[in-house]
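Structural features, examined
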Amino acid sequence: MVEKKPSLEDLLSIFVVETRNRLNKNEARLDNMVTHMLNIGATVKSLEVQVGQLATSIKSLYSGNFPSDTEINPREQCKVITLKSGKELKPLKCKENEVKKDKMKENEVIGKKVEEEALKEVSKPYGISFPNNPPIISPPLPFLRRFQKKKLDAQFSKFLETFRKLHVNIPFVDALEQMPII
């Protein structure tokens, strides 16, 4: 009934065998990891080459141009409209082009008016009071919108002044009827 205890040599041999088995398993895992790492390295290298090729192709596409340059809208060149049924509609005149042309004409007229006003404002040099001195002519204004805005602001201020002078006589009872009840 007494169990025999394994001898120290037997225990040591069992320990060595198990340690070798674990060591072999770990070496197999390590080899597997090394092959995966080599595969990943090769994949990364091929991706770097592809990104480099894409960068050179994109660089050649935009040589001399910024990538944010606008492109012409193809809808502006549309001449015929085809329905799902296959029927083609007659081309319509583009009103947008006419509106743009009208706006450009208005801007030209306004620009000419501002230039004429600038030419009318002739100033003489300071400190010299000889009557034969030629007047100094100021060049045309580079930013017309800024001066148009001042003109519109002056008109608006006149409008507000007139509006402030306006008096309306309404009976007090009618005003109370129109007030909202809270």
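Cut-offs applied
- Residues numbered from 1 in each chain as written.
- Predicted model: local features only at pLDDT ≥ 70, side-chain atom pairs only at ≥ 80, totals over all residues.
- Heavy atoms only, no water.
- Helix = DSSP H or I, 4+ residues; strand = E, 2+ residues; numbered from the N terminus.
- Buried < 20%, exposed > 50% of the residue type's maximum accessible area, 1.4 Å probe, protein only.
- Areas by Shrake-Rupley, 256 points an atom, 1.4 Å probe, with all protein chains shown as cover.
- Patch = residues over 30% accessible without salt bridge, like charges linked within 9 Å, V, L, I, M, F, W, Y side chains within 5 Å.
- Salt bridge = Lys/Arg side-chain N within 4 Å of Asp/Glu carboxyl O.
- Phe/Tyr/Trp six-rings, centres within 6.5 Å; stacked < 30°, edge-to-face > 60°.
- pLDDT = per-residue confidence, 0-100.

1. Some thoughts on the overall build of the protein chain
In terms of regular secondary structure, the protein chain is built from 4 helices and 2 strands. Secondary structure elements of the protein chain, listed N to C terminal, follow the sequence α-β-β-α-α-α. Here the protein chain holds 182 residues, and 2% of them are scored as buried. Summed over its atoms, the accessible surface of the protein chain is roughly 18800 Å², and 62% of this surface lies on carbon and sulfur atoms.

2. Structural notes on a nonpolar patch on the surface
A grouping of Phe-156, Phe-159, Phe-163, Leu-166, Val-168 and Ile-170 is seen on the molecular surface, where their side chains present a nonpolar patch of about 680 Å² in accessible area. Secondary-structure assignment places Ile-170 in the loop between α3 (144-165) and α4 (172-178). On the basis of relative accessible area, Ile-170 is assigned to the exposed category, the value being 54%.

3. Overview of the packing of aromatic side chains
On inspection of all chains with the given rule, the structure shows 2 aromatic pairs. With 6.0 Å between their ring centres and 25° between their planes, Phe-159 and Phe-163 make a pair best called stacked. You can see Phe-159 and its partner Phe-163 sitting in helix α3, 4 residues apart, about one turn around the helix. A residue is classified by how much of its surface remains accessible, and Phe-159, at 49% relative accessible area, is partly exposed. Aromatic ring contacts, followed pair by pair, group Phe-156, Phe-159 and Phe-163 into a single cluster.

4. Description of the confidence of the model for the protein chain
Atom-level detail of predicted coordinates should not be read off regions where pLDDT is low. Per-residue confidence for the protein chain gives a mean pLDDT of 77; residues scoring 70 or more make up 71%. Per-element mean pLDDT across the protein chain ranges from 70 in helix α2 (residues 95-120) up to 92 in helix α1 (residues 8-61).

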